[in-house]
Amino acid sequence: MSTNQSTAPREGHIRLVLFQTFPGTNVAEAMITTTEPELYLDIPIEVLNVVSPVPRKYLRFIAFAVLGYECTILHDNVNIGNVGSVEDRAIYYAHSNTIETMDYMVDHEVNSRRSSIRTKIESRNEFAANLQKRDGGSIFAPIAHPAACHIIPFARGNDWLDIIVKGRPCEDGEDLSDLESIDDIRNGFLSTSDMLSSLYLCELAVIKTPNRILETTDLRHTPRPFLDEPDLNISFPNNARYTLHYLVPQSRLLSFVTSCPPNIDAKFKNLEQQPAAMLLHYHYGNAALRMWGNKPNFPKHTFRRPQVPA
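Cut-offs applied
- Residues numbered from 1 in each chain as written.
- Predicted model: local features only at pLDDT ≥ 70, side-chain atom pairs only at ≥ 80, totals over all residues.
- Heavy atoms only, no water.
- Helix = DSSP H or I, 4+ residues; strand = E, 2+ residues; numbered from the N terminus.
- Expected span 1.5 Å × (residues − 1).
- Buried < 20%, exposed > 50% of the residue type's maximum accessible area, 1.4 Å probe, protein only.
- Axes fitted to C-alpha atoms, helices over the stretch in contact; angles between N-to-C directions.
- Parallel < 35°, antiparallel > 145°, perpendicular 65-115°, else oblique.
- Contact = heavy atoms within 4.5 Å.
- Nonpolar A, V, L, I, M, F, W, Y, C, P; charged D, E, K, R; others polar.
- Pairing = 2+ DSSP bridges.

(A) Structural context of helix α3 (residues 55-67). The terminal C-alpha atoms of α3 lie 18 Å apart, and with 13 residues this matches the ideal 18 Å at 1.5 Å per residue to within 8%. Among the residues making up α3, those that are buried are P55, K57, Y58, L59, R60, F61, I62, A63, F64, A65, V66 and L67. At the C-terminal side of α3, G68 shows a positive phi close to 90 degrees.

In structure tokens:
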């Protein structure tokens, strides 16, 4: 396999190539329309190792989160499997024998900007109140006044959510056929205001395990550091984890890493209708694309996009 060698990954990073040429695009045409006909992620090894003790398997999840289908990871045309470390400045390739499409891929514009949309206070209050009933408070850190976070931003509206739900395969055992409102609690959770900002900036994301790639034991775990955490009748989900990950090195997040360290798990008051795994992982893939991607010129008509509410 070949790749654009004009710039190799920086020291302390690996490259994960998702597409060498966009599906349906002629290679010569691609070279004319964009200087980089590839789509790849340059991922800090520090982040890989902080998140998972099996970084090779975690690369498979990242590819799945961006592309929407399962891949193996190749290096020098060999499947690297799930066990072992990654090599500094190495170039890896996501590969599928059966699927090569952009139909399920995340749309990088979802979190690109926040709309100026104005909404009724009653609508936002109802969303927050419904989350409070399920979450019992901020799911990652006990605070007095939690913020209501949308996974798919509220500014994108119901039509954009509908395209995502209908165009992306659901996670195992998850039925989202009745998820029609951007204010559905499966599209949100309570957190801190700092985390709300970093969520929309794609500096952090939440992963649910087990999923189609990872088991609960494939992610590192940090005990919740809240010695005075109040008893709000909240608990961890049975046989599942909702884990907080930072997609940037911790040194850039010192303002609140001390209160919400990486790899802590969420607690909920009501264990029904938890955040939708498909939406969490869609955001995860979008965050990976925005934080680590090479930002190529995508072919025309790659993404279906509705009008953003005015």
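(B) Molecular detail of the packing of helix α5 (residues 157-167) against helix α8 (residues 277-292). As a packed pair, α5 and α8 sit with axes 11 Å apart at the nearest point and diverge in direction by 100 degrees. Comparing their axes, α8 and α5 come out roughly perpendicular. On α8, the residues touching L161, I164 and V165 of α5 are M278, L279 and Y282. By residue class, the composition of the contact of α5 with α8 is six nonpolar, no polar and no charged.

(C) Structural detail: the sheet that holds strand β4 (residues 78-79). Read from one edge of the open sheet, five strands run β2-β1-β5-β3-β4, paired in mixed fashion. The open sheet terminates on both sides in strands that have one partner only, identified here as β2 (39-44) and β4. Pairing between strand β1 (residues 13-19) and strand β5 (residues 91-95): three bridges, direction parallel. Residue V17 lies in a different strand from β5, and its bridge partner there is Y93. Packing of α3 onto the sheet brings it into contact with β1, β2, β3 (72-75) and β5, and relative to β1 it is tilted by some 40 degrees.

(D) Geometry of the pairing of β3. As judged from the three bridges shared by β3 and β5, these two strands associate in the antiparallel manner. Each residue of the ladder has a partner; that of I73, found in β5, is A94. Direction of pairing for β3 relative to β4: antiparallel, over a ladder of two bridges. Looking at β4, one finds that L74 is bridged to N79.

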